[in-house]
Amino acid sequence: MSYDFDFGLFNIDEFVHEGEDGRPDDFPLLPLRDTVVFPHMVAPLAVGRDRSIKAVEAAMGGDHRMVVVAQRDPDVQEPELDDLHPVGVEMVVGRILRMPDGRTNILGQGRRRVRVVGLSQTQPYMRIQVEPLHESAQVTLGTEALMRAVLSLFEKVVQLSHSLPEDAYVAAMNLSEPGPLADLIASLLDLGFDVRQEVLEILEPTARLQRLSVLLANELDVLELEYTCLLYTSPSP
């Protein structure tokens, strides 16, 4: 059985003022073992645990929203509050698909960062209380210069990478705000789990871009070294 939802019909600003009255928002929770989801990014996720499947079904039976938070230890089967990282993402679930082998896959889109406040329910599925984490979209001259520098590094990485399509750079260059730009690039780079969570927890967009510039420079050094080695080891014509 599958359920579909058209992301194009969803207004991501519809709930922008929720959580601003001093009360935490309350959502079904999907704990993630080894995945970090970023705001605005579309992410396929495999769901296997019973409580997680029930949480997804609860979201689909409501307004399609839930919160995804990475676990500190992916081996914990029944995570509690202390097993979760402090920052996650509010997500809109667009599709749930039952597989013949019993697995459940979902397709969702991240909306915004949230800070974990507490659990409001543990059975039959987990519900979590969160506070939205708002970020500035202001672009100063310094921020614009940093965005250009990050875009330049990302363009070079895309050119040398075997896994990143050229469309990735096109998508990045069409973003006008620092936060979404940093999140897009972070979601596309082959970063380790801990580094992805670190970037997610950097709330200030300029600081996030600065961290991405270091990660991109390191990735570019590796790709350039691989390219140089390939030139030296390739047989002469």
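Below: a short report on this structure. Bear in mind the structure is a predicted one, so any value in this text is a computation, not a measurement. (Residues numbered from 1 in each chain as written. Predicted model: local features only at pLDDT ≥ 70, side-chain atom pairs only at ≥ 80, totals over all residues. Heavy atoms only, no water.)

## Concerning empty space enclosed by the protein
Vacant regions in the atomic arrangement are exposed by a probe of water-molecule size rolled over the atoms.
Line of reasoning, step 1. On inspection of all chains with the given rule, the structure shows two cavities of 30 Å³ or more.
Line of reasoning, step 2. Quantified by volume, the largest cavity comes out at close to 60 Å³.
Line of reasoning, step 3. Listed by contribution, the elements that provide at least two residues to the lining of the largest cavity are β2 (25-32) and α1 (50-60).
Line of reasoning, step 4. For the lining of the largest cavity, the class distribution of residues is four nonpolar, two polar and three charged. (1 Å grid on protein atoms, 1.4 Å probe; cavity = no way out; pocket = protein on both sides within 12 Å on 5 of 7 lines; lining within 4 Å. Points joined across faces, edges and corners; volume = space filled by probe spheres on them. Helix = DSSP H or I, 4+ residues; strand = E, 2+ residues; numbered from the N terminus. Nonpolar A, V, L, I, M, F, W, Y, C, P; charged D, E, K, R; others polar.)

## Digging into the side chain of Q197
Line of reasoning, step 1. Tracing the chain through its elements places Q197 in helix α5 (residues 193-200).
Line of reasoning, step 2. Taking the relative accessible area as the measure of exposure, Q197 reaches 3% and is therefore buried. (Buried < 20%, exposed > 50% of the residue type's maximum accessible area, 1.4 Å probe, protein only.)

## A short note on the nonpolar core
Line of reasoning, step 1. Counting 52 residues, the largest nonpolar core has F154 and L189 as the members making the most contacts within it.
Line of reasoning, step 2. Of the residues forming this core, the biggest block, eight residues, is contributed by helix α2 (residues 141-160).
Line of reasoning, step 3. Ignoring anything within four residues of it in the chain, the contact list for F154 reads L164, A168, Y169, A172, I185, L188, L189 and L216.
Line of reasoning, step 4. L29, V114, V116 and V130 belong to the second largest nonpolar core, which has ten residues in total. (Core = buried A, V, L, I, M, F, W, Y, C linked by side-chain atoms within 4.5 Å. Contact = heavy atoms within 4.5 Å.)

## Considerations on the environment of A43
Line of reasoning, step 1. Among the structural elements, A43 can be located in strand β3 (residues 42-47).
Line of reasoning, step 2. Residue A43 is classed as buried on the basis of its relative accessible area of 12%.
Line of reasoning, step 3. Sequence spacing of A43 and G110 is 67 residues, and the spatial spacing of their C-alpha atoms is 7.8 Å.
Line of reasoning, step 4. Discounting chain neighbours no more than four positions away, the residues touching A43 are V37, M91, I106, L107 and G108.

## Side note on the pairing of strand β7 (residues 127-132)
Line of reasoning, step 1. The pairing of β2 with β7 spans four bridges and is antiparallel. By the bridge assignment, P28 is partnered in β7 with R127.
Line of reasoning, step 2. One ladder, built from six bridges, connects strand β6 (residues 104-121) with β7; its direction is antiparallel. Looking across to β7, one finds that V116 is bridged to V130.
Line of reasoning, step 3. Between β6 and β7, which pair antiparallel one after the other, the connecting turn spans five residues. (Pairing = 2+ DSSP bridges.)

These figures come from the coordinates and say nothing about function on their own.
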